Amino acid sequence: MRELKGIPLNSRARIIGKISKNSAQTKETKSCILVTESIEKRIKGFRAVLCSASIEKTTALRLKMPIVHGVENIEALSEGDIVCVDMMTGEIIVVYEKNSVHNSILASTDCNCRCVMCPQDLAKDSPENLENNLEIIRLIDKSTKALGITGGEPLILGDGLIRLLKECKKRLPETQVQILTNGILLKENDYVRSIARLRMRNLVFCVPLYADTDTEHDFIMQRKDAFEDTIQGLYNLAAKKQLVETRTVVMSLNYRRLPQIAEFIYRNLPFAIHVAFMGMEVEGQARKNIRKLWVSPAEYAPYLKEAVIYLSRRNMDVSIYNEQLCLMPKEIWSFARKSISEWKNTYLEICKQCKVKGECGGFFAQPVEEHKRFIKPL
Amino acid sequence: MISNSSVYMILPFRFMRFGLDILIVNEAGEYVLISGKDFDRLRNYQLDTKEDVFLNLRNKHIVTDTDLTLPVYLLATKYRTKKSFLNDFTALHIFIITLRCNQKCRYCQASSEDESRLEFDMSAETAKKCVDLVFRSPSPTIKIEFQGGEPLLNFETVKYIVGYAKKLNRMYRKNLEFVICTNLLGLNEEILDYLEEHKIWVSTSLDGPRNLHDANRITRKGTGTYDLVMKNIRVAQDKLGIERVSALMVTTRDNVYKLNSVVDEYVNQRFNSIFIRTIHLYGRAAKEKLGYDVGTFTKNYKKTLDYIIRLNLDGVMLSEQYATIILKKILTPFATTFVDLQSPAGTGISCVVYGYNGDVFVSDEARMLSKMGDNRFLMGNVHKNKYQEIFNGRVIRETVENSCVENMPLCSECAFQMYCGADPVRNYSIRGDLLGHRPTSEFHQINYLVIRHLMELNKQNDSDIMNVFWSWITNRSIEEIKRSKRG
């Protein structure tokens with residue numbers, strides 16, 4: 001997530017609010033954080049004020065309102081964004097961007113698996129996390145097309161997740177909500193039933209499937225019986241008519257069996273409304289284990305092509321995420337999506353000469369050297 | 001020899017020699033081809049659990065080296081899905097509106113009556129009782145198909161049935177569809193308006209270009225019907241839409257060597273599917289010696305299938321339905337709804353025939369047998385029997401019990417079992433018993449050879465051919481198949 005920093009004054013709390021650039025009072029003001037160039041006297045009613053200029057402490061004290069001043073790069077904040085401000089440190093984290101199609105709620109920072117290529121840094125959940133997330137959902141713009149619920153593993157919240165979903169249903173009835181989950185806890189049919197009871201039309205469970213056989217999948221997930229539990233979870237969802245998407249991160253441990261994974265999905269999970277194959281995000285564990293996990297795109301492209309064509313023929317909706325067009329055979333270009341969040345998304349210097357850059361998904365912020373070698377302008 | 005029997009377990013499967021390979025099919029119809037050498041290693045527990053051969057077999061639940069719960073659970077789910085045509089009971093209800101016909105086709109199995117014989121019409125009273133019975137079926141989908149004779153000759157009863165069924169359906173709220181199987185000779189403006197108003201599908205007959213069509217499909221006076229049928233197909237297509245009009249053909253001794261020209265005729269007449277059907281030697285067809293041997297049919301079928309595939313690759317959208325049904329069985333996890341090739345057979349449980357006088361039969365061939373004096377497959381009569389007596393009686397139970405390929409001699413061990421089906425009525429008419437005798441059964445031989453041919457094409461895995469097959473299975477153009485659904 002995008003982060004900004006400034007100097008905090010008048011408070012030591014954690015404040016969540018919606019960005020407004022209009023200092024005039026409206027009925028929304030009390031849920032807003034004002035972004036301004038300089039402090040004026042008439043400002044009142046906001047949760048906090050973020051200001052690019054440095055201001056005198058005396059001026060600030062008179063305003064009696066949490067202020068972060070001297071904020072660099074403040075123009076990166078847009079009307080309607082939601083930020084979480086740590087008044088102890090002056091850190092401003094953008095938790096929702098109005099102009100992005102890749103917004104998500106970090107429901108949990110903890111997980112019941114330790115996947116070998118997990119890009120996240122896991123940590124125990126803090127108790128206020130859930131309330132903060134509920135507040136974020138309340139502030140999110142109703143016109144938002146899609147919202148992810150990610151982790152960690154969101155399902156370990158148990159009833160907490162149900163509360164989050166209820167809030168989504170109430171505040172964002174038109175938004176497609178995607179839960180990114182390993183699906184293991186969905187083996188408990190009671191849990192699936194309580195989610196199904198919410199009757200959310202736009203809820204999709206995005207569940208990883210790294211192999212077509214249990215030993216291999218369990219190894220990648222670093223958890224015994226993960227495969228069996230996840231498949232059971234998917235069947236429980238299907239029985240309750242919940243929407244399911246499968247996600248397969250491509251790595252050295254599974255690339256040669258991508259066609260067989262596709263086959264397994266079609267024969268065993270034909271109810272999946274979407275199947276995604278994903279380039280690995282080299283962060284966290286993936287960066288640590290990169291030597292064991294790395295496979296050159298040139299090497300896995302033929303397997304990826306076979307898997308994608310296999311599913312496309314069978315009328316399955318299939319997509320490729322996080323891949324660059326110059327590394328893929330042209331036959332599967334139409335399946336490649338621009339899937340990387342704007343704040344992480346980059347291109348290489350060499351990409352400037354490329355004629356299809358506009359259609360290409362580009363990179364996560366830091367592609368590894370082995371990867372860069374294969375990139376060429378088209 | 002080192003054995004791994006403590007390392008992995010073998011689950012049930014069926015197999016057969018397939019060229020140099022062994023074809024292995026699991027209980028859910030998923031297949032793997034492996035070399036004879038690997039097959040020996042499999043059965044002697046010599047596979048390494050890390051090698052691809054093993055992983056491919058484990059993907060299809062043919063072996064497991066870990067847990068047994070999940071493979072059995074997945075197989076059971078997939079088996080249920082494959083057999084889901086059994087869930088809802090009888091969906092297809094065929095009404096013999098009249099035995100009268102204005103044609104006297106040489107292969108007619110329905111043994112039609114002269115146009116003047118009004119006593120062979122289904123009366124409104126009988127029709128009402130039949131429709132009452134139709135709605136006793138628990139199936140959420142009900143398809144009423146009008147057959148004959150020529151149903152247009154007793155169109156008043158057709159109209160009565162449509163009206164009465166629609167009235168009942170206001171209460172039952174089923175997904176109700178009507179199809180009329182007609183030679184189209186008697187089509188007129190008024191009938192067309194009616195078909196359009198009530199969204200009735202039209203299924204007609206076309207055996208090929210004029211010389212082939214008129215070889216068998218003639219009027220009672222003996223004149224050809226091609227020109228009038230052509231004209232009326234066009235009129236019906238224009239009025240009802242191309243999708244609503246389909247045609248069936250019968251392969252006879254006359255056109256079996258010229259199936260490509262039959263295909264051309266279907267393309268010319270704007271049909272988007274053809275079903276190359278074998279002849280059933282009942283009624284007149286048996287007497288007229290219109291048959292051919294199995295080898296002649298399969299050889300010509302394969303050639304024509306090739307020809308249709310090439311047409312599709314040249315941009316013509318025309319599917320061959322016999323192949324499509326079998327390919328769906330082999331390549332998809334779903335059930336097919338084709339009542340003539342399933343296990344147990346569709347007789348009575350998927351499809352039922354109401355004769356003009358209210359007799360209820362398990363199939364149209366059963367009605368033929370009755371016409372010839374053998375009531376073996378007469379389930380009852382709508383005027384005399386209750387729903388339970390007809391649909392839970394001895395006839396339907398015996399027919400179903402004796403048409404499960406799972407326990408029929410030779411079928412029970414055949415690797416193609418999940419792709420095939422049984423025809424107890426035909427077995428009975430030829431051999432006198434419901435189970436039949438595979439080595440001499442043409443039904444068996446033709447299905448076996450066609451399934452084997454399609455399996456061979458799957459094995460070759462030619463990209464163009466597979467695109468054509470999947471365009472048939474999923475009813476999309478080849479272009480659509482190659483593109484992402486998200487454009």
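All values reported here derive from a predicted model rather than from experimental measurement.

Caption draft 1: Looking closely at the overall build of chain A. On a plain count of helices and strands, chain A comes out with 11 helices and 15 strands. Its C-alpha radius of gyration of 22 Å places chain A within 12% of the 21 Å reference for a compact globule of 378 residues. Taken along its principal axes, the extent of the C-alpha atoms in chain A is 65 × 55 × 35 Å. In chain A, which comprises 378 residues, the share counted as buried stands at 43%.

Caption draft 2: Up close: the overall build of chain B. The helix and strand tally for chain B stands at 19 helices and 16 strands. Taken against the 2.2 N^0.38 rule, which gives 23 Å for 487 residues, the C-alpha radius of gyration of chain B at 24 Å falls within 12% of a compact globule. Evaluated residue by residue, chain B yields a buried proportion of 45% over its 487 residues. A fraction of 71% describes how many contacts in chain B between residues 6 or more apart in sequence connect residues 24 or more apart.

Caption draft 3: Representation of the domain arrangement of chain B within the structure. The domains assigned to chain B are domain 1 (9-82) and domain 2 (89-381). Its residues assigned to classes, the side of domain 1 of chain B that touches domain 2 of chain B shows no nonpolar, two polar and two charged.

Caption draft 4: Local environment of the interface of chain A and chain B. Facing 21 residues of chain A, the contacting portion of chain B comprises 23 residues. Among the elements that line the side of chain A that touches chain B, the one with the most residues is helix H7 (residues 258-268) of chain A, at five residues. In the side of chain A that touches chain B, the residues fall into five nonpolar, seven polar and nine charged.

Caption draft 5: Focus on the pairing of strand E8 (residues 91-96) of chain A. All names here are of chain A. With three bridges joining them, strand E1 (residues 3-5) and E8 adopt antiparallel strand pairing. Residue pairing for E8: Glu3 is matched across the bridge by Ile93. The sheet contact formed by strand E7 (residues 82-86) and E8 spans five bridges and is antiparallel. Each residue of the ladder has a partner; that of Val85, found in E8, is Ile92.

Caption draft 6: Molecular detail of the sheet that holds strand E6 (residues 67-69) of chain A. All names here are of chain A. Taken together, the eight strands give an open sheet; going across it, the order is E1-E8-E7-E3-E4-E5-E6-E2, and neighbouring strands pair in mixed fashion. Pairing within the sheet leaves two strands with one partner each, and these edge strands are E1 and strand E2 (7-9). The mean inter-strand angle of the sheet, taken between neighbouring strand axes irrespective of direction, is 30°. On top of the sheet, helix H2 (residues 129-139) reaches strand E3 (14-20), E7 and E8; it is set at about 10° to E3, its chief contact.

Caption draft 7: How the structure looks around unusual backbone geometry. The omega torsion across Gly151 of chain A and Gly152 of chain A is 10°, close enough to zero to call that bond cis. Relative to the elements of secondary structure, Gly152 of chain A occurs in the loop between strand E10 (146-150) and helix H3 (159-171). Going from Ser343 of chain B to Pro344 of chain B, the amide bond is cis rather than trans, its omega being -5°. Structurally, the position occupied by Pro344 of chain B is in the loop between helix H12 (321-331) and strand E14 (351-354). In this structure, Asn475 of chain B is a non-glycine residue whose phi angle is positive, near 55°. The topology assignment puts Asn475 of chain B in the loop between helix H18 (463-474) and helix H19 (478-482).

Caption draft 8: Highlighting the domain arrangement of chain A. Residue and element names in this part refer to chain A. Domain annotation for chain A reports domain 1 (3-94) and domain 2 (104-372). Between domain 1 and domain 2, the contact holds six residues from the first and six residues from the second. Here the residues of the side of domain 1 that touches domain 2 sort into three nonpolar, two polar and one charged.

Caption draft 9: Expanded view of the environment of Asp214 of chain B. Residues and elements named next belong to chain B. For Asp214, the location among the structural elements is in helix H7 (residues 210-216). Owing to 19 C-beta atoms within 10 Å, Asp214 belongs among the partly exposed residues under this scheme. Along the sequence, Asp214 and Cys105 sit 109 residues apart, while their C-alpha atoms lie 9.1 Å from each other. Ignoring any residue separated from it by four or fewer positions in sequence, one finds Asp214 in contact with Gly224, Thr225 and Tyr226.

Caption draft 10: Structural detail: the sheet that holds strand E9 (residues 201-205) of chain B. Residue and element names in this part refer to chain B. Here we have nine strands laid out as an open sheet, ordered E12-E10-E9-E8-E7-E6-E14-E15-E16, and mixed in their pairing. The sheet is open, and its two edges are formed by strand E12 (276-277) and strand E16 (378-381), each paired on a single side. Across five bridges, strand E6 (residues 92-96) lies against strand E7 (residues 141-147) in parallel orientation. Across the sheet, the residue bridging to Ile94 is Glu145, located in E7. Its contacts with the sheet put helix H8 (residues 226-240) on E9 and strand E10 (245-250), and the angle it makes with E10 is roughly 145°.

Caption draft 11: Examining the pairing of E10 of chain A more closely. Residues and elements named next belong to chain A. Because side chains alternate across E10, one face comprises the buried residues Leu147 and Ile149, and the other comprises Ala146, Gly148 and Thr150, none of which is buried. Taken together, the three bridges between strand E9 (residues 104-106) and E10 define a ladder with parallel strand orientation. Across the sheet, the residue bridging to Leu106 is Thr150, located in E10. With four bridges joining them, E10 and strand E11 (residues 176-180) adopt parallel strand pairing. Each residue of the ladder has a partner; that of Ala146, found in E11, is Gln176.

Caption draft 12: View of H2 of chain A. All names here are of chain A. Taken residue by residue, H2 has Asn133, Ile136, Ile137 and Leu139 as its buried positions. Along the long axis of H2, the arc covered by the buried residues comes to 165°, so they all point the same way. Against the buried residues of H2 lie E3, E7, E8, E9 and H3.

Quick notes on the rules
Residues numbered from 1 in each chain as written. Chains lettered and ligands numbered in written order. Predicted model: local features only at pLDDT ≥ 70, side-chain atom pairs only at ≥ 80, totals over all residues. Helix = DSSP H or I, 4+ residues; strand = E, 2+ residues; numbered from the N terminus. Rg over C-alpha atoms; globule rule 2.2 N^0.38 Å. Buried ≥ 20, exposed ≤ 12 C-beta atoms within 10 Å, placed from the backbone. Contact = placed C-beta atoms within 7 Å. Domains from an automatic or database assignment. Nonpolar A, V, L, I, M, F, W, Y, C, P; charged D, E, K, R; others polar. Pairing = 2+ DSSP bridges. Axes fitted to C-alpha atoms, helices over the stretch in contact; angles between N-to-C directions. Arc of directions from axis to C-beta.

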